[in-house]
Structures are given as structure tokens and as C-alpha cells.
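Architecture and fold: a report
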Amino acid sequence: MQSTLLLTSLSVLLLGCQSTPSISAEPPASPSASLAAVQQTPRYSGQIGHYDLGEGFSDFLFEHDGQVVYLDVFFTDEPVESPYAVSYGEDWFSLWTDCEGQTAPGAPSADDCLGVSINVEPAGQPGVIWGYNQGAQYLKGYWLVTAHPGMHQGQLSLTLSGTSAQ
């Protein structure tokens, strides 16, 4: 039942996803959240990935450190050797945002790039999605952003913790 619900939710996501990231303060429909809290929640939606697709998303998250944001984003699954392949696991993903020094073709690395490593903690919150469906990884719902100090192997780090709208 739970996997059917997740698959249905992700299918709905696929039909409504945008290809251009957008940032807004418009509230999503949510009967359980107070209108004031929802109206003031920063939002980011669209495709994310390396380079320009990652830089805007990364900047948005660091600008909202310590705040709850609403995300409706996805990245496509690419072959590992592709320069656009996003590395990810069960509870994390990495985006390379600045690769000016990279001269060899192939996937970006800490040797020539700077980026962000994002830990994902959905915590079983209703309406919070971190999952794979039909060639893309999705991140949707309300998330508390927590930035971690310092850089490690060319990457800054932050955690997204699933939360309610309030």
C-alpha cells in the first residue's frame, strides 16, 4: 500500500514538473497548515543538477539556512560517465556548481570543482517525498534547511529534514 501511494505521488509529480527552476512565495494548497505560515514559506521548483542548474538551487538553500522551505525539484538519471550525472544514494546527493578548472571530459569531481553535498532526512513526514520514478529522482515537500560549517573535498554540506508546513 505504501509503495503504491509513493508511486502514485511520484507519477503525479512527473505530470506536473517544470523544466525551468522557479522561486516564489506562493503557497501550495494545504488545509492543515496555517495560511500565514504557508504564504511566507520560500519555494523552489523545477529541474536541478550540476553547474547552472545546481548553483541557483544551492544558493537558495544556503540563503534559507535555519528556515523551512517548500521544494518541488527533480534531477534526471544520467550514465555515470556523463558530466551531468548527479551522484546520489539512499539519503544524500551531490551537486557540482563551479567546475571552471575541469579540463578532462567526464563526470565532475573534487579535483576541479566546487559544490554542495546534501543529506536528505524525510523522517516519514506526510507529503514529503524523496524517491526515484521513471528516470528521475524527486524531492518534494516542506524541508528544514540546516547548513554545516566548512568545506570538505570541495563541497559545502547541508541537511534537509522533512517537516510539516508549520
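Cut-offs applied
- Throughout, residues of each chain are indexed from 1 in the direction in which the sequence is written.
- Local features are withheld for residues below a pLDDT of 70 in this predicted model, meaning they are given only at 70 or higher, and side-chain atom pairs are given and counted only at 80 or more; totals for whole chains, interfaces and linings count all residues.
- Excluded from the side-chain calculation are hydrogens and water; included are all heavy atoms of the structure.
- What counts as a helix is a DSSP run of H or I of at least four residues, what counts as a strand is a run of E of at least two, and both are numbered from the N terminus.
- The rule is simple: take the accessible area with a 1.4 Å probe, protein chains only, and divide by the maximum for that residue type; under 20% is buried, over 50% is exposed, in between is partly exposed.
- The contact definition used throughout considers only heavy atoms, calling two residues in contact when any of these lie within 4.5 Å.
- For every residue, the pLDDT score states the predictor's confidence, bounded by 0 at the bottom and 100 at the top.
- Within 3.5 Å is the distance limit for a polar contact, defined as a pair of N or O atoms, with the added protein rule that one can donate a hydrogen and the other accept it, and that residues adjacent in sequence qualify only through two side-chain atoms.
- Patch membership needs two things, relative accessible area over 30% and no salt bridge, and members are linked within 9 Å if like-charged or within 5 Å if nonpolar (Val, Leu, Ile, Met, Phe, Trp, Tyr).
- Accessible surface is estimated by sampling points in the Shrake-Rupley manner with a 1.4 Å probe; for residues, cover comes only from the protein chains shown.
- For salt bridges, the criterion is a side-chain nitrogen of Lys or Arg within 4 Å of an Asp or Glu carboxyl oxygen.
- The sign given to each residue is positive for Lys and Arg and negative for Asp and Glu; His and the chain ends receive no count.
- Where a charge lies is defined by one atom per residue type: Lys uses NZ, Arg uses CZ, Asp uses CG and Glu uses CD.
- Each Phe, Tyr or Trp ring (for Trp, its six-membered ring) is paired with any other whose centre lies within 6.5 Å, and the angle between the two planes then decides the class: stacked below 30 degrees, edge-to-face above 60, tilted in between.
- Take the buried Ala, Val, Leu, Ile, Met, Phe, Trp, Tyr and Cys residues and link them wherever side-chain atoms come within 4.5 Å; each set so joined is a nonpolar core.

1. Digging into the overall build of the chain
Secondary structure summary: the chain contains 3 helices and 9 strands in total. Ordered by position from the N terminus, the helices and strands of the chain form the series α-β-α-β-α-β-β-β-β-β-β-β. Relative to its full complement of 166 residues, the chain shows a buried share of 40%. Looking at the chain alone, contacts between residues at least 24 apart form 63% of all its contacts between residues at least 6 apart.

2. Here's the deal with the confidence of the model for the chain
For any part of a model where pLDDT is low, the fine detail of the predicted coordinates should not be relied upon. Confidence in the prediction for the chain averages 77 pLDDT; 71% of positions are at 70 or higher. Confidence drops under a pLDDT of 50 for residues 1-20, and excluding neighbours within four residues, the segment shows 24 contacts in the predicted structure.

3. Some points on the environment of Thr76
Counting through the fold element by element, Thr76 comes out in strand 3 (residues 68-76). Note: C-alpha distance between Thr76 and Tyr132 (56 residues apart in sequence) is 9.5 Å. Every residue in contact with Thr76, bar those within four places of it in the chain, is listed here: Gln47, Gly135 and Ala136. A polar side-chain atom of Thr76 sits 3.1 Å from a polar atom in the side chain of Glu78.

4. Examining a negative patch on the surface
A cluster of acidic residues, Asp52, Glu55, Asp59, Glu63, Asp98 and Glu100, forms a negative patch on the protein surface. The biggest single contributor to the negative patch is helix 3 (residues 52-63), with 4 residues. Tracing the backbone shows Asp98 in strand 5 (residues 92-98). Asp98 sits in the partly exposed class, given a relative accessible area of 33%.

5. Observations concerning the packing of aromatic side chains
Considering all chains together, one arrives at 8 aromatic pairs under this definition. Seen from their ring centres, Phe75 and Tyr88 are 5.3 Å apart, and the 65° between their planes marks the pair as edge-to-face. With Phe75 in strand 3 and Tyr88 in strand 4 (residues 87-89), this residue pair connects regions lying 13 residues apart in the sequence. The class for Phe75 is buried, based on a relative accessible area of 2%. Note on Phe75 and Phe93: the rings are 5.4 Å apart at their centroids and 35° apart in plane angle, and the pair reads as tilted. Within this pair, whereas Phe75 is found in strand 3, its partner Phe93 is found in strand 5, the two being separated by 18 residues in sequence.

6. A few points about the nonpolar core
Counting 22 residues, the largest nonpolar core has Phe57, Leu61, Leu71, Phe93 and Leu139 as its most contacted members. For this core, the secondary-structure elements that each account for two or more residues are helix 3, strand 3, strand 5, strand 6 (114-121), strand 8 (136-152) and strand 9 (155-162). Looking at which element gives the most residues to this core, the answer is strand 3, with 4 residues. Setting aside residues no more than four positions away along its own chain, Leu139 makes contact with Phe57, Leu71, Asp72, Val73, Phe93, Val120, Ile129, Trp130 and Leu160.

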